[in-house]
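Listed below are the residues making up each chain.
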Amino acid sequence: MAVYKRTYRGYSGGLTTHWSRFLVLYRYSRRNLFKSKFLTSLLNLCLVFPLLCLLGIYANDHMSAFTFLGQHSGPLFKVDGRFFLLFLSGQSSLAFILTAFIGPGLISPDLSNGALTLYLCRPLSRIEYVLGKMSVLAIVLSWVTWIPGLVLFFVQASLSGWDWMTGNLWIVAGILLGSWIWILSIALLAMALSAYVKWRIAAGALLLGVLFLGAGFAQAINRVLQTQQGYLIDVSKLTNIIWQDLFHDSGERALPAGEAWFGLLAFAALCFYLLMKKIRANEVVR
Amino acid sequence: MQPVIELKALSVKLGKHEVLRDITGSFTGRTIGLLGPNGAGKSTLISTLLGFWPVNSGSASVLGHDVARESKQIRALVGYMPENDSFISGMTAVTFIRMMAELSGLPSEMALERAHEALFYVGLGEARYRKLGTYSLGMKQLAKLAQAIVHGPKLLILDEPTNGLDPPARQRMIRLVREMRDAGEMHIVLCSHLLRDVEETCEEVVILKQGRVVHYSNLENERRLNRRFVELELHGDANEFVAAVESLGCESAPGALNRLKLVLGDKIEVSDIYRVAAEKNVQLRRMNFRRDTLEEIFLKAMEHTNGSL
């Protein structure tokens with residue numbers, strides 16, 4: 001067993017760079033997160049759909065191998081923007097479920113234990129604290145959204161050749177931008193809610209509630225006012241409209257993409273404002 | 001000598017309420033006590049120095065860094081032990097302290113080593129692998145102290161460090177503060193409403209009342225001055241004795257019943273008084289040194305309504 005000095009001594013050794021310190025929060029939060037077997041299993045389950053898509057893409061390209069079954073040898077489906085839109089829609093739902101489990105546990109324990117003072121009395125700003133905590137969600141959600149999306153794209157590109165890849169490079173932008181829009185929106189929402197509701201389970205339930213109630217209210221407003229503007233409070237709908245635009249989908253859109261962008265940015269700004277109001281070293285008692 | 005804390009007409013408002021009003025002062029001591037009744041603005045002053053509250057007017061600097069513009073540099077140099085419960089219940093003490101050290105910029109391995117050291121130093125060595133949520137109040141206070149010193153700060157700010165501690169735990173805390181003071185590697189600001197804590201550990205005392213500094217006192221100087229102020233009760237011819245001690249350079253003020261108050265000159269020791277008394281054949285029936293306790297200083301300061309340094 002190591003023997004430690006029992007006298008006080010200062011520290012004069014080297015220090016890490018300032019910009020990298022928010023990653024300390026990421027490391028400790030992630031370590032804490034994956035202590036839960038349930039979450040680890042859930043994360044693995046979220047990778048089942050991408051795996052099926054991968055098998056689908058492979059099988060689709062090798063349909064000639066199934067001619068002995070009397071099937072036609074052409075591809076069963078077209079791997080294009082719509083395919084990746086469907087993939088992202090499916091994975092985004094799973095990402096939301098993951099967020100409902102992970103998000104509330106990131107900030108609420110710090111708030112309920114008064115630990116923010118200890119974080120913020122160190123050379124760490126409020127923004128860096130939020131970044132550190134959000135990076136956990138961002139990285140976990142990346143594993144189930146854009147990373148498998150890009151894997152699928154490049155597998156398809158390797159099977160279909162250079163021409164397909166150069167002709168569909170815009171899909172890469174769609175996967176990246178579409179995924180990050182969703183990741184940032186739900187991460188901000190989850191963190192803002194967990195900052196206000198210190199009980200983890202309640203914060204998780206509220207997260208689900210906000211999304212579904214938002215959709216419900218949006219429908220109600222649309223029906224009562226005979227308009228489509230109600231969708232401006234439905235985050236999932238707004239994101240879907242933006243995705244349709246990003247993946248060049250020709251389906252009907254409830255709102256113009258510009259309005260959807262505006263609605264989503266306003267939503268993100270509101271979440272960020274609410275979050276920063278709570279992330280303080282001291283609470284003002286007026 | 002660079003001041004540890006320098007305040008120039010500092011005012012801080014929380015909402016519409018002005019909590020700190022036009023505070024000016026420069027403090028250089030190794031241990032500075034912040035005293036004041038509840039609501040005097042002690043914790044707000046600390047929060048302002050750490051950059052938690054914006055400065056409304058005036059300026060403040062810590063170890064030469066301006067709090068409004070260089071709060072990150074200040075926080076890198078400061079260790080802070082807050083008054084309230086601040087910890088993460090699901091973490092073991094060693095993980096928690098290590099994380100705090102890493103957030104202060106220590107490399108991971110060094111942070112782990114220092115976390116062990118800090119926990120042993122404060123007396124939590126045997127309990128360092130226990131979760132913080134299972135700690136008693138006294139242990140939590142010690143864990144808060146450990147996180148404040150783990151990165152070797154130049155200035156340690158302790159906000160009510162003995163709050164809720166039983167007498168042995170309080171003694172341990174005071175002993176640790178004294179040890180750190182005597183190690184000479186850091187300055188300490190101790191904020192408390194317990195006069196004894198401040199008296200036992202601090203060299204300088206700043207007394208706040210209603211957001212203003214109403215008294216500043218260098219306790220070391222006060223103690224030294226107290227030692228120069230002597231009250232005597234004599235038996236014999238006092239006049240000759242008085243003339244003799246005055247010729248040595250003492251100031252005197254005779255009182256009733258052969259009592260005499262003396263302020264000793266710079267080079268006069270008590271032994272000189274004994275010698276003169278023997279020469280003049282005067283008996284010293286009683287000799288008292290003035291003891292202006294911190295409590296007296298504090299009570300006097302509380303009588304002021306508008307003080308400045």
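Residues numbered from 1 in each chain as written. Chains lettered and ligands numbered in written order. Predicted model: local features only at pLDDT ≥ 70, side-chain atom pairs only at ≥ 80, totals over all residues.

1. Side note on the overall build of chain A
When its secondary structure is counted, chain A shows 13 helices and 0 strands. Overall, chain A shows an N-to-C arrangement of helices and strands of α-α-α-α-α-α-α-α-α-α-α-α-α. C-alpha atoms of chain A, sized along the principal axes, occupy 80 × 60 × 35 Å. Burial statistics for chain A: of 286 residues in total, 40% are counted as buried. In chain A, the share of contacts with a sequence separation of at least 24, taken over all contacts with a separation of at least 6, comes to 75%. (Helix = DSSP H or I, 4+ residues; strand = E, 2+ residues; numbered from the N terminus. Buried ≥ 20, exposed ≤ 12 C-beta atoms within 10 Å, placed from the backbone. Contact = placed C-beta atoms within 7 Å.)

2. Topic: the sheet that holds strand 11 (residues 229–235) of chain B
Residues and elements named next belong to chain B. If you trace the 4 strands from one edge of the open sheet to the other, you get 12-13-11-14, paired in antiparallel fashion. Edge strands, defined here as strands with exactly one partner in the open sheet, are strand 12 (251–254) and strand 14 (283–289). Looking at each pair of strands side by side, their axes are set apart by 25 degrees on average, direction ignored. Relative to strand 13 (residues 259–263), strand 12 is paired through 4 bridges, and the arrangement is antiparallel. Bridging from a neighbouring strand, Ser252 pairs with Leu262 of strand 13. Running over the sheet, helix 9 (residues 238–248) touches strand 11, strand 12 and strand 13 and is turned about 160 degrees from strand 12. (Pairing = 2+ DSSP bridges. Axes fitted to C-alpha atoms, helices over the stretch in contact; angles between N-to-C directions.)

3. Notes on the environment of Arg228 of chain B
Residues and elements named next belong to chain B. Take Arg228: it is sitting in helix 8 (residues 219–228). Through-space distance from the C-alpha of Arg228 to that of Arg114 is 45 Å; in sequence the pair is 114 residues apart. Non-local contacts of Arg228, meaning those with residues more than four positions away in its chain, are made with Val263 and Leu264.

4. Some details on the sheet that holds strand 4 (residues 57–62) of chain B
Read from one edge to the other, the open sheet built from 4 strands follows the order 2-1-4-5 (chain B), with strand pairing classed as antiparallel. Since the sheet does not close on itself, it has two edges, and those belong to strand 2 (17–27) and strand 5 (65–66) of chain B, each with one partner.

5. Remarks on the pairing of strand 8 (residues 187–192) of chain B
Residue and element names in this part refer to chain B. Burial of strand 8 is extensive: 6 of the 6 residues sit out of reach of the surface. Here strand 8 shows a buried face lined by His187, Val189 and Cys191 and a second buried face lined by Ile188, Leu190 and Ser192. Where strand 3 (residues 31–35) and strand 8 come together, 5 bridges link them in parallel fashion. Note on strand 8: the bridge partner recorded for Ile32 is Val189. Bridging between strand 7 (residues 155–159) and strand 8 involves 5 bridges; their strand directions are parallel. Across the sheet, residue Leu158 finds its bridge partner in strand 8, namely Leu190. Handedness of the crossover is the feature at issue here: the chain leaves strand 7, passes through helix 6 (residues 167–183), returns alongside strand 8, and the resulting connection is right-handed. (Right-handed = clockwise from strand over helix to strand, strands pointing away.)

6. Re unusual backbone geometry
Residue and element names in this part refer to chain B. Positive phi, normally seen in glycine, also occurs at Ala9, with a value near 45 degrees. Its location among the elements puts Ala9 in strand 1 (residues 5–14). Residue classification places Ala9 among the partly exposed residues on the basis of 13 C-beta atoms within 10 Å. You will see that Leu63, though not glycine, has its phi angle at about 50 degrees, which is positive. Mapped onto the fold, Leu63 is located in the loop between strand 4 and strand 5.

7. Quick look at the pairing of strand 13 of chain B
Residue and element names in this part refer to chain B. Here strand 13 shows a buried face lined by Leu260 and Leu262 and an unburied face lined by Arg259, Lys261 and Val263. Pairing geometry for strand 11 and strand 13, over 5 bridges, is antiparallel. Note that in strand 13 the partner of Glu231 across the bridge is Lys261. Hairpin connection, strand 12 to strand 13: the antiparallel pair is bridged by 4 residues, and Leu257 has positive phi, about 55 degrees.

8. A short note on the confidence of the model for chain A
Residues with a pLDDT of 70 or more make up 93% of chain A, whose mean pLDDT is 88. Between the elements of chain A, mean pLDDT differs from a low of 86, seen in helix 5 (residues 104–112) of chain A, to a high of 95, seen in helix 8 (residues 146–160) of chain A. (pLDDT = per-residue confidence, 0-100.)

9. Description of the nonpolar core
Among the nonpolar cores identified, the biggest contains 153 residues, and Met191 of chain A together with Ile97 and Ala146 of chain B are the most heavily contacted of them. Top element by residues in this core is helix 10 (residues 169–196) of chain A. It accounts for 14 residues. Residues contacting Met191 of chain A, with those up to four places away along its chain left out, are Gly103, Leu106, Ile107, Val130, Lys133, Met134 and Leu275 of chain A. Phe241, Cys250, Ile273 and Ala277 of chain B belong to the second largest nonpolar core, which has 13 residues in total. (Core = buried A, V, L, I, M, F, W, Y, C linked by C-beta atoms within 7 Å.)

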